[in-house]
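# Working through the structure, step by step
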Amino acid sequence: MDRAPLLLLLSLWALTGTVSQQASGSCPERLLGDERRRTCPRPCKDDQDCGSKRQCLCDGQCGLSCVAPGRTCPWPLPQSETSDARLLSPTHSFSALLEVRCKPGFMLPSGLDATIRRCQGDRQWSGDEPICTESPPAEPATTAAAATAAQACPLPPEVTDTFSIEGDAAAGTSIRYSCLSGADIVGSSENFCQENRTWQYPHPICKKVYCQPPSEVEQGYVVAVQKTEYEVGFDIHYLCKKNFLLDGPQKITCMSNGSWSAAPPHCRARCLIPAERSRVVIGGAKRWPFDVTDAMVPHGENVTFFCKHPWKHCSFGAAQSCFDGKLQPPACYLEPTWLQYKLFPHRLVSEIDACESGDEE
Ligand SMILES: *[C@@H]1O[C@H](CO)[C@@H](O)[C@H](O)[C@H]1NC(C)=O
Ligand SMILES: *[C@@H]1O[C@H](CO)[C@@H](O)[C@H](O)[C@H]1NC(C)=O
Ligand SMILES: *[C@@H]1O[C@H](CO)[C@@H](O)[C@H](O)[C@H]1NC(C)=O
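What counts, and where the lines are drawn
Residues numbered from 1 in each chain as written. Chains lettered and ligands numbered in written order. Predicted model: local features only at pLDDT ≥ 70, side-chain atom pairs only at ≥ 80, totals over all residues. Heavy atoms only, no water. Buried < 20%, exposed > 50% of the residue type's maximum accessible area, 1.4 Å probe, protein only. Helix = DSSP H or I, 4+ residues; strand = E, 2+ residues; numbered from the N terminus. Pairing = 2+ DSSP bridges. Near = heavy atom within 4 Å. Polar contact = N/O pair within 3.5 Å; in protein donor to acceptor, adjacent residues only side chain to side chain. Areas by Shrake-Rupley, 256 points an atom, 1.4 Å probe, with all protein chains shown as cover. pLDDT = per-residue confidence, 0-100. Contact = heavy atoms within 4.5 Å. Salt bridge = Lys/Arg side-chain N within 4 Å of Asp/Glu carboxyl O. Axes fitted to C-alpha atoms, helices over the stretch in contact; angles between N-to-C directions. Core = buried A, V, L, I, M, F, W, Y, C linked by side-chain atoms within 4.5 Å.

Right, let's talk about the pairing of strand β2 (residues 64-67) for a bit. The alternating pattern of β2 places L64 and C66 on one face and S65 and V67 on the opposite face, and all of these are buried. Inspection of the sheet shows strand β1 (residues 55-58) paired to β2 by four bridges, in the antiparallel sense. When the sheet's bridge partners are listed, Q55 is paired in β2 with V67. Hairpin remark: β1 followed by β2, antiparallel, with five residues in the connecting loop; positive phi at G60, about 55°.

In this section: the site of ligand 1. In the vicinity of ligand 1, the contacting residues are Q194, N196 and T198. Between an oxygen atom of ligand 1 and a side-chain N or O atom of N196, the distance comes to 2.4 Å. Compared with its free state, where it exposes 360 Å², ligand 1 has 28% of that area covered by protein.

Per-residue confidence for the chain averages 83 on the pLDDT scale, and 85% of its residues sit at or above 70. Of the regions scoring below 50 in pLDDT, residues 1-25 engages in 61 contacts with residues more than four places distant in sequence or in other chains. This model gives residues 138-142 a pLDDT under 50, and the stretch forms two contacts once residues within four places in sequence are excluded.

All right, on to the site of ligand 3 then. Around ligand 3 sit G300, E301 and N302, and that is every residue in its neighbourhood. One nitrogen or oxygen atom from the side chain of N302 is found 2.4 Å from an oxygen atom belonging to ligand 3. Burial of ligand 3 by the protein chains amounts to 26% of its free accessible area of 360 Å².

What the rule picks out here adds up to twelve salt bridges. A salt bridge links E99 to R101; the shortest N-O distance between them is 3.3 Å. With relative accessibility at 6%, the residue E99 sits in the buried group. Note that D247 and R268 form a salt bridge whose closest N and O atoms lie 2.9 Å from each other. You can see D247 sitting in strand β17 (residues 245-247) and its partner R268 sitting in strand β19 (residues 266-268), a full 21 residues away along the chain. Classification of D247 by relative accessible area gives partly exposed; the value is 28%. One network of salt bridges, in which partners are shared, links R86, E99 and R101.

Turning our eyes to something else, we now look at the sheet that holds strand β16 (residues 235-240). Sheet architecture is open: three strands sit in the order β14-β16-β18, paired in antiparallel fashion. Two strands lie at the open edges of the sheet, namely β14 (220-222) and β18 (251-253), each paired on one side alone. For this sheet the average axis-to-axis angle between neighbouring strands, irrespective of direction, equals 25°. Bridge count between β16 and β18: three bridges; the pairing is antiparallel. Looking across to β18, one finds that D235 is bridged to T253.

Note on soluble globular proteins: their nonpolar side chains tend to be buried together. Ranked by internal contacts, the top residues of the largest apolar core, which has 15 residues, are I273, A275, V280, I282, V297, V303 and F305. Considering each element in turn, this core owes the most residues, three residues, to strand β24 (residues 302-308). Residue contacts for V280: discarding those within four places in its chain leaves I273, A275, A285, K286, R287, P289, V303, T304, F305 and F306. Formed by twelve residues, the second largest nonpolar core is a distinct cluster that contains V159, I175, Y177 and A183.

A few words now on the environment of C56. Counting through the fold element by element, C56 comes out in strand β1. The spatial distance from the C-alpha of C56 to the C-alpha of V67 is 6.3 Å, given a sequence separation of eleven residues.

Here the focus is the environment of D47. The residue D47 is located in the loop between α1 (4-16) and β1 in this model. The partly exposed category is assigned to D47, whose relative accessible area is 33%. Between the alpha carbons of D47 and S65 there is a distance of 9.4 Å; along the sequence they are 18 residues apart. Reaching out from D47, the side chain makes a polar contact with the backbone nitrogen of C56 at a distance of 2.7 Å.

We now examine the sheet that holds strand β4 (residues 97-102). Spatial strand order, β3-β4-β6: three strands in an open sheet with antiparallel pairing. With partners counted over all chains shown, the strands left at the sheet margins are β3 (83-87) and β6 (114-118), one partner each. Averaged over neighbouring strand pairs, the angle between their axes works out to 20° when direction is ignored. Relative to β6, β4 runs antiparallel, the two being bridged by five bridges. By the bridge assignment, E99 is partnered in β6 with I116.

The next point concerns the pairing of β24. In this structure, strand β21 (residues 280-282) lies alongside β24, joined through two bridges in antiparallel fashion. Following the sheet pairing, I282 is matched in β24 by V303. Taking the residues that link successive antiparallel strands as the turn, the β24-strand β25 (residues 315-321) hairpin has six residues.

Following this line, the structure appears as structure tokens:
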């Protein structure tokens, strides 16, 4: 009796927790090997794979599948001499939960007195038909194998489906749990199988992990549905508005510890070239600023200005970088006057000979 709330908690996580998640990280991959189901609905990645009447939902061991959410599982169930069935959900449609509890004096092959079944996409309740049999009287086991099994604590499938378990659950030994989903454990991650074949602690549960929405990117936009929280494995892609350059990752991913794989990027502005009547070097080419599109350079671009030698008649280059809309001319740069530019264009500092390498101060 005292195991029921725990079983319920676990099963609620294992069964409903994964419903309606679009991210593959939170729904198990389709398990074909040791599957108990005869058929699985068509696999999918998102609703678009499923046509108009179906949605891409997590269907237990079938993984993400095309399911008609309104489909129902058989209800009410025929009366049974040995068990009582009770709906735990308001309806008996897809993902609804059903508790089957053995009548007093009966139990399931797992050694528990209750199990939870989930309404699957194939309109069947999950798992095998539970069969409650009369609890065996506590008689000594006859064979060695039976004796070993009799000395182990029960590990219901809800637990083995949720955790990877280290240890063999034999009486008098400990096991360790880790969440198969990579999620955090809530509860004790270690348990002890007591001599009377009961666990010392309730089984833990796996907490579902989410990432919080990342901060907004100015002058950029997100190529994803905006949500209040994001599942593990969810990618957010970024784009920048026209004339802004992406500085940082193009994509960030929600990691299993609830953090994003990286901080969101920045969208960096172009810089106006702070010179008009001198040529400058951009990307290896010496150009008049008015010949450059919009007289602007992208974020991160280097612009070399020409400065006059303090006393010799020669020029040397001084480079500055554009950073997010800011590009300062170097302190040595003097903008020629309009008259200088018009009357003596070949005497402009940017047009005279470059200083010899030994000439610099
Ligand atoms: C099993 O043994 C433990 C400790 O010896 C005890 O606390 C617990 O009540 C026992 N459980 C049952 C069902 O007998
Ligand atoms: C999550 O893991 C990453 C690296 O694996 C680490 O940098 C980050 O600090 C972790 N975040 C939290 C909240 O633990
Ligand atoms: C600009 O110069 C810096 C430092 O010299 C260099 O690291 C960077 O790669 C240059 N940027 C471009 C776009 O050439």
